[in-house]
Amino acid sequence: MITIVVTLLGVVLVFGLVLVAVWTVFAFANHGQQELVAHKALKTAEKAGAQPASLHPRVDVDRCIGSGNCIEVCPEKDVLAIIEGKARLANPTACIGHGECLRACPVDAIQLVLGSARRGVDIPLVASDFQTSVPGLYVVGELGGMGLVYNAMTQALQAMHGIVAHPPPRVHGVHQVVVVGAGPAGIAATLAAKDAGLDVMTVDQESLGGTVLHYPRHKIVMTRPVDLPLYGRLHVTEVRKEKLLELWQDIVRKTGITVREGVRVESCKRSEDGVFVLATTGGELRAQRVVLALGRRGSPRKLDVPGEDQAKVVYRLLEPEPYAGRNVLVVGGGDSAVEAAVTLFEVGAKVTLVHRGATFDRIKPKNQQKLDKARKAGLDVRTEAKTREILDDAVVIEAGGKREELPNDDVLVLVGGVLPTAFLEAAGVEVQRFSGQAYAPANR
């Protein structure tokens, strides 16, 4: 009996060892496959000269122990990868600045940096409460380098926490707080101000939604749950543009906040008595505190070519269907331009995408895949090309020193915006160019 038991135990032990061996071989094979994929992604990114769009991780490979924690916590999943035992930034354009990797690294091998040696980013310098070099003037959200919805809202709430803790006095004819911008950061700031009983005025040069309005239809927006004053917990992690805009409308209905739409702030000056005077297209505003929750697009960047003043030239895509069957020129090399060109092509427009660069080095990998697929199906893509003139029924483009006239019904110019750097500097805000340096609000 004892012999049988021992024999059975031996069989079980051997079987267990075999299972462990098989699992180990499978795990190593799977890891090897993942590393090959990561290597390929890294080489592709390096070849294209891919550049991260915003805040992104820089890994100290001498300190990195290759734990993989940074990869597991990243909501985008394929930004970082373990290559030769170290974390590497394999897909720079996929990063949208969550910052979870920084918090997850057990050995502090990750820094969050802005810009790169190749592409600098101008950022207003702010203190830990997001107050600029001008007392009482705050910058939150995308303009401060944080484009993610959650980060933008969190910054706005933190800035308003400081304002609420030391509320400015009520003065006749002067708002306690003016919020400029009605995107995620502006909405959060407005809710916090109203919840605290402050006299708040919120304005936007367009309408509720801010930069989100410029996203292509059905674009997926990544965020995290956040608690909003007067409204409660915003339970979203991945949501389409349209649903997010519906959420903003729901917040307005349930909380009663108001936004003066179509009001552009042209200048912001702090007077000697500490009151801000804002010159706007809707008249002068005066405020004790100002929260700039602007997008980095500013005003749409234009081509400055003959014929651009025609009605057929627009700077964002709202609905693609009206363009079906028409000759459309899309100008730009970023995600917005590529997404618009592919979407228009899919609804049956005859699309020509013109990009001045040699490669699409700023777009996300998924958009590169969509572009490659559409290109094979007939989307006309012109790189190292420029638009020279816009005629009534045609456009003139130039590539390789040669000009070509193409039939045209519509032109979409999606080349970003003119950053409000001049506006900030005129207001007295100190602006610094980041070219790969670590970024964090300073303690002043």
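For clarity, every value in this text was computed on a predicted model and none was experimentally measured.

(A) Structural context of the overall build of the protein. On a plain count of helices and strands, the protein comes out with 9 helices and 28 strands. For the protein, buried positions account for 48% of its 444 residues. Of the contacts made within the protein by residues no fewer than 6 positions apart, 66% connect residues no fewer than 24 positions apart. Split by element, the accessible area of the protein, about 22,100 Å² in all, is 54% carbon and sulfur.

(B) Geometry of the side chain of Asp335. Inspection of the secondary structure puts Asp335 in helix H7 (residues 335-346). Given a relative accessible area of 15%, Asp335 falls into the buried group. Not counting residues up to four positions away in its chain, the partners in contact with Asp335 are Arg362, Ile363, Lys364 and Asn367.

(C) Quick look at the pattern of salt bridges. The full count for this structure, using the stated rule, is 11 salt bridges. Here Glu398 and Arg388 are joined by a salt bridge, their closest N and O atoms 3.0 Å apart. Separated by 10 residues along the polypeptide, Glu398 in strand E23 (residues 394-399) and Arg388 in strand E22 (residues 385-390) bring together distant segments of the chain. Arg388 gets classed as partly exposed once you look at its relative accessible area, which sits at 31%. Ionic contacts of the salt-bridge type, sharing partners, join the residues Asp250, Arg253 and Lys254 into one network.

(D) Here's a closer look at unusual backbone geometry. Of note in the backbone geometry, Glu84 takes a positive phi value of approximately 55° without being a glycine. Tracing the chain through its elements places Glu84 in the loop between strand E2 (80-83) and strand E3 (86-89). Judged by its relative accessible area of 63%, Glu84 falls in the exposed class. Positive phi, close to 55°, is recorded for Asp304, a residue that is not glycine.

(E) A look at helix H4 (residues 149-165). With 17 residues, H4 should cover 24 Å at 1.5 Å per step; its first-to-last C-alpha distance of 24 Å lies within 8% of that length. Within the sequence span of H4, burial applies to Val149, Tyr150, Asn151, Ala152, Met153, Thr154, Gln155, Ala156, Ala159, Met160 and Ile163.

(F) Structural context of the packing of H7 against helix H8 (residues 365-377). Where H7 meets H8, the closest approach of the two axes is 10 Å, and the angle between their N-to-C directions is 40°. The orientation of H7 relative to H8 falls into the category oblique. In terms of crossing hand, the pair formed by H7 and H8 is left-handed. Judged by residue contacts, Asp335, Val338, Glu339, Val342 and Phe345 of H7 engage Asn367, Lys370, Leu371, Ala374 and Ala377 from H8. Residues that form the contact of H7 with H8 fall into these classes: 6 nonpolar, 1 polar and 3 charged.

(G) Representation of the sheet that holds strand E24 (residues 402-407) in the model. Read across the sheet, 3 strands follow the order E22-E23-E24 without closing on themselves; strand pairing throughout is antiparallel. Strand pairing shows two members of the sheet lacking a second neighbour, E22 and E24, which therefore form its edges. Across this sheet, the average inter-strand angle for adjacent strands is 30°, counted without regard to direction. The sheet contact formed by E23 and E24 spans 6 bridges and is antiparallel. When the bridges of E24 are listed, Ile397 appears paired with Glu404.

(H) How the structure looks around the packing of helix H5 (residues 184-195) against helix H6 (residues 241-255). For the pair H5 and H6, interaxial distance at closest approach is 12 Å and the crossing angle is 15°. Classified by the interaxial angle, the pair formed by H5 and H6 is roughly parallel. Along this stretch, H5 crosses H6, giving a crossing that reads as left-handed. In this structure, H5 contributes Pro184, Ile187, Leu191 and Lys194 to the contact, and H6 contributes Trp248, Ile251 and Thr255.

Rules used in this analysis
Residue positions are given per chain, counted from 1 along the sequence in the order it is written. Predicted model: local features are reported for residues with pLDDT of at least 70 only, side-chain atom pairs are reported and counted for 80 or more only, and whole-chain, interface and lining totals are derived from all residues. Computation of side-chain values: all heavy atoms of the structure, hydrogens and water removed. Secondary structure is summarised from DSSP: a helix means a run of H or I of at least four residues, a strand means a run of E of at least two, and numbering begins at the N terminus for each. Three labels apply to residues, based on accessible area from a 1.4 Å probe with only protein chains included: buried if under 20% of the type maximum, exposed if over 50%, partly exposed otherwise in between. Here a residue-residue contact requires only that any non-hydrogen atoms of the pair lie within 4.5 Å. Each accessible area is a Shrake-Rupley estimate made with a 1.4 Å probe; only the visible protein chains count as cover when residues are assessed. A pairing counts as a salt bridge when a side-chain nitrogen of Lys or Arg comes within 4 Å of a carboxyl oxygen of Asp or Glu. Multiplying one less than the number of residues by 1.5 Å gives the expected span of a helix. Helix axes are fitted to C-alpha atoms over the stretch in contact, other axes to C-alpha atoms as well, and angles between N-to-C directions run from 0 to 180 degrees. To sort the angles, those under 35 degrees are grouped as roughly parallel, those over 145 as roughly antiparallel, those from 65 to 115 as roughly perpendicular, and the leftovers as oblique. What makes a crossing left-handed is the near helix being turned counterclockwise from the far one by less than a right angle; a clockwise turn instead makes it right-handed. For this classification, Asp, Glu, Lys and Arg are treated as charged, while Ala, Val, Leu, Ile, Met, Phe, Trp, Tyr, Cys and Pro are nonpolar and the rest, including Gly, are polar. Being paired, for any two strands, means DSSP has found at least two bridges between them.

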